Amino acid sequence: MLARIYKAIGVCVLLMAGAFYAGCSGGGGASKEYSFESSDTSYTIIHQEGDKLIVKAGGKELDSAVLLVFLAQDCAECEAYYEHLNHLQASEKDFKILGVFDSKLSDKTMLKEFAQTHNITFPLLHSTSSNSLLESLLQTKRMRVNGLLQSGAQDSGMKDSAPESSESKDSVAGSAQEPSPESSAQSIGDAVAPVVDFGVTLPYFVLYDNEHLFYQDYEGIVPEEIFSSDIAQILQ
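Before going into details, it helps to say that this report is about the structure given with it. (Residues numbered from 1 in each chain as written. Predicted model: local features only at pLDDT ≥ 70, side-chain atom pairs only at ≥ 80, totals over all residues. Heavy atoms only, no water.)

Brief notes about the sheet that holds strand S4 (residues 60-61)
Item 1. In space, the nine strands of this open sheet follow the order S4-S3-S2-S1-S7-S6-S5-S8-S9, with mixed pairing throughout. Of all the strands in the sheet, just S4 and strand S9 (214-219) have a single pairing partner and so form its edges.
Item 2. Note that strand S1 (residues 31-38) and strand S7 (residues 124-127) share three bridges and pair antiparallel. Following the sheet pairing, Phe36 is matched in S7 by Ser127.
Item 3. Together, strand S5 (65-71), strand S6 (95-101) and strand S8 (204-208) form the strand contacts of helix H2 (residues 82-91), whose direction differs from that of S6 by roughly 150 degrees.
Item 4. Those strands touched by helix H3 (residues 109-117) are S1, S6 and S7, and its axis lies near 150 degrees from that of S7. (Pairing = 2+ DSSP bridges. Helix = DSSP H or I, 4+ residues; strand = E, 2+ residues; numbered from the N terminus. Contact = heavy atoms within 4.5 Å. Axes fitted to C-alpha atoms, helices over the stretch in contact; angles between N-to-C directions.)

Laid out in structure tokens, this is it:
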């Protein structure tokens, strides 16, 4: 029974964790700073504190919603998105797309050449930090998802441990003795939700609203209409 509950909770959380959590999230973590160089040779600083992200480009803080798109030079799957992301950026004024290479490039000119080769019109960044923004965001995601799983497991334990009615007790008279509500609550209360760990496939997208708070992340096949709908939702 518990295994089925955990499985159901896990599927729902993985599909809906971002939207569900966005309304409750804020900082909640140590502040970290990451530096990037962009394709126009200017510098961008990204501050992350839990589910809050502040982007400073050219020393000025962006006050718009931001979509981070994590890419790699050898990512064939990423190429299918460039035209759609160009169109998305051109269609939305209070919104910024940032293509992010989380590792350092051996040649700084490669970033500009990459943008020209793939006709990319949104800014591209490559990391100049020794630590990884992508890994930090994934760690925050692990904490978020596992926290929701644990909360769901505790809620299920409280429901399953409710005392039986007198009618249900009479219906099992003469059958094998059932565990008492107290012992049932103890066994469920001690149960621990399974821990979810995961990597990520590129491209990986993370959307933040215009208050710098995490809204949703995406990977796999994501239609442009999904991005447009979510961006319209946070900009309304």
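Still more to cover.
Topic: the side chain of Asp217
Item 1. If you trace the backbone, Asp217 turns up in strand S9.
Item 2. For Asp217, a relative accessible area of 14% corresponds to the buried category.
Item 3. Among the polar contacts listed, one links the side chain of Asp217 to the side chain of Lys141, at a separation of 2.8 Å.
Item 4. Non-local contacts of Asp217, meaning those with residues more than four positions away in its chain, are made with Lys141, Tyr204, Phe205 and Val206. (Buried < 20%, exposed > 50% of the residue type's maximum accessible area, 1.4 Å probe, protein only. Polar contact = N/O pair within 3.5 Å; in protein donor to acceptor, adjacent residues only side chain to side chain.)

A closer look at the pattern of salt bridges
Item 1. What the rule picks out here adds up to three salt bridges.
Item 2. Taking the shortest distance from any N to any O, the salt bridge between Glu135 and Arg142 comes out at 3.0 Å.
Item 3. The closest approach of N and O atoms between Asp217 and Lys141, which form a salt bridge, is 2.8 Å. Within this pair, whereas Asp217 is found in strand S9, its partner Lys141 is found in helix H4 (residues 133-160), the two being separated by 76 residues in sequence. (Salt bridge = Lys/Arg side-chain N within 4 Å of Asp/Glu carboxyl O.)

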